[in-house]
Amino acid sequence: MEESSIIKIENLVKSFPIGGSFFTALDNINLSFSKGEFSGIVGPSGSGKTTLLNILGSLDVPSEGEAIVLEKKISTLSHKKAAQLRNGHIGFIFQTYNLLPVYTVYENVEFPLLLLKMPSKEREKAVKEAIEWVGLTDKIKSKPAQLSGGESQRVAIARAMVKKPELVLADEPTANLDSENSHHILQTMERLNSELKTTFIFATHDEKVMSYLNRIIRLEDGKVVKDELIGAKIAAS
Amino acid sequence: MMSIKLALRNLLGAGLRTWLNVIVLSFSYVIIIWYQGLIDGWNVQARRDMIAWEIANGQYWNENYDPFDPFTLEDSHAKIPEELTSGIIAPILITQGTIYPEGRIQGVLLKGIPKDQKVLRIPTDKLVKENGEIPIIIGSRMAKNNKLSTGDFLTVRWRDTNGTFDATEVRIAGIFKTDVPSVDGGNIWLNLEDLQEMTQSIGEATLIVAGSESISGKEISGWDYKSLDFLLADLDQIIKQKSVGGSIMYILLLLLAMLAIFDTQILSIFRRQKEIGTFVALGMTRGQVVKLFTLEGGMNSVLAAIVAAVYGIPLLMFTRYTGYALPYDVDDLGIAISEVIYPSYSLGLIVGTILVVMITATFVSYLPARKISKMNPTDAIKGKIQ
């Protein structure tokens, strides 16, 4: 793996059984991502963006080839090791926010730290800091049902960022948001990327998101058809 | 600790769903404890009454005495042994007799017992002779069945030790109420001396009830000691049968409660797939998710126990003091049962019920939770039904 590379994907193939045959969702993918990248996998629906993100997030495994994330081979990780990798080093942001409905904003953001068994005082400080990053201090006791879409996604960002992970995987984070909220959360993530040097990888087909990215990988029918760096926006790496 | 905290947070956060479940389960706790307490109370009362009215600290039976053999009854009496005369005892002489209430003929057992005995609760102090009349006392069932009242005269016929028939008029000096049918139905109680005189068996008895433990269990020639265990064996058998019936009720109530929890947990899994997927994505292992859901189910039973305690303790205490009046006439049931049963809630019953419900609730929560481990997290995150 290269010096600053935190993800390396080699000859990755992912296929799913459908009926009596197999559908190839990802076909011979070779990519690498460096620390601090703010990059996106773009393409139409069904192109394999989410599948690739799931494999990078150790929620799924390749059918062939290998994905090495933070020096861990995804295909050989046990369930427990994969959970440890997600818990300790990867943050997820979902299109539908996936906040825990019975928890308050504070409790939602606190959840990953509880899994990390962080001491209570340290945890409280980290949670409040994360909520402050996304500007939701006044909503700390609200439940997800009381939040707007934009606010919910900001809580999801705070939850992903609270443990200061090396990698954040965001699957269509703006798909359910209006333009203003989309820009707001993208600016928030861009700021966190530059302040914390966290690597962000988006799966999106939203033009607004693409305008913020410093690298765009275009997928079509499970294959990488384009991988371009947007020069002016290359991060500190 | 973290799992407990999260499970509690999930439970309390679920609001009405949790409380409905908890309330249903709390009913199960209270009903199971009340029902078992009622049966236990019945059992305790039946034993206590039989000891108070019939058995005391055991009985010495004449070696020929067989309560199930009427043909040997006339030969089943002997002099009261000297070893026992110094102790607190209630010797009883039994012989067969016949009465003629309202012109009908009816076989009875004539039982002679000292009028001044303090061993059994039978009100023998009423067996005081007045105007040369022989006083008798009978139980309320006997009185009701034969339409007899206090003060009535009754013709009694019997055989003496030589087999000669004799008859006399007796006066009903009292009618007593007892829950022990073997003291009541078909029994006529007389003063021991009167019956001894009537049957020409002076100083003799068929059985001797021991009034104190100090004279229980002695080996006396011609007499067999019958312990409490022996004398209560039939009752214990009935209690055992009742317990089997009670257990079926217990299991049914438990199954109903468990069905509610199982149902809720199954529904939770389908409704909360997205949440489960999120838990996994945020770094929970499958084992932790199973543990969390199992704990949630188990905690339902803990919360239910607390809720049940809030309304159940006063309710059960109330029923303990007021008792439960049986809605039908229990006189003819033939077993020792009072008209009002006072439930008996032992610590063992309460702790046992709580533990059984908690363990079962946790187990039935584990079953659907185990299903989670087979769930594909990528589909679960999207909330796809699998």
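Residues numbered from 1 in each chain as written. Chains lettered and ligands numbered in written order. Predicted model: local features only at pLDDT ≥ 70, side-chain atom pairs only at ≥ 80, totals over all residues.

The helix and strand inventory of chain B stands at twelve helices and 13 strands. Counting across all 386 residues of chain B, residues that qualify as buried make up 39%. Here the contacts in chain B between residues at least 6 apart in sequence split such that 80% fall between residues at least 24 apart. (Helix = DSSP H or I, 4+ residues; strand = E, 2+ residues; numbered from the N terminus. Buried ≥ 20, exposed ≤ 12 C-beta atoms within 10 Å, placed from the backbone. Contact = placed C-beta atoms within 7 Å.)

Bringing the confidence of the model for chain B into the picture now. Detailed reading of the predicted model is not advised wherever pLDDT is low. Residues and elements named next belong to chain B. Per-chain confidence: chain B averages 86 in pLDDT, with 95% of residues scoring 70 or above. Of all the helices and strands in chain B, strand E12 (residues 324–325) carries the lowest mean pLDDT, 76, while strand E8 (residues 187–191) carries the highest, 95. Across the assembled chains, the prediction reports ipTM 0.88 with pTM 0.70. (pLDDT = per-residue confidence, 0-100.)

It is worth spelling out unusual backbone geometry at this point. Unusually for a residue other than glycine, Asn98 of chain A sits at a positive phi of about 50 degrees. The residue Asn98 of chain A is located in the loop between strand E6 (90–93) and helix H3 (105–115) in this model. In this structure, Asn131 of chain B takes a positive phi of about 55 degrees despite not being glycine. Mapped onto the fold, Asn131 of chain B is located in the loop between strand E4 (106–113) and strand E5 (134–139).

Frequently, the measure chosen for interface size is the accessible area that the parts lose on association. The partner chain A presents 21 residues to the 18 residues of chain B that form the contact. Those elements that provide at least two residues to the side of chain B that touches chain A are helix H1 (2–13), helix H9 (273–281) and helix H12 (377–382) of chain B. In terms of residues, the side of chain B that touches chain A owes the most to one element, H1 of chain B, which gives five residues. Residue composition of the side of chain B that touches chain A, by class: eight nonpolar, six polar and four charged. (Nonpolar A, V, L, I, M, F, W, Y, C, P; charged D, E, K, R; others polar.)

So, on to the nonpolar core. Core analysis: the biggest nonpolar cluster contains 105 residues, and Ile41, Leu56, Val109, Ile157, Ala158 and Leu169 of chain A have the highest contact counts within it. Of the residues forming this core, the biggest block, nine residues, is contributed by helix H10 (residues 286–322) of chain B. Excluding anything up to four places from it in sequence, Ile157 of chain A contacts Ile93, Val134, Ile185, Thr188 and Met189 of chain A. Counting 50 residues, the second largest nonpolar core, distinct from the first, contains Ile99, Ile113, Ile138 and Ile172 of chain B. (Core = buried A, V, L, I, M, F, W, Y, C linked by C-beta atoms within 7 Å.)

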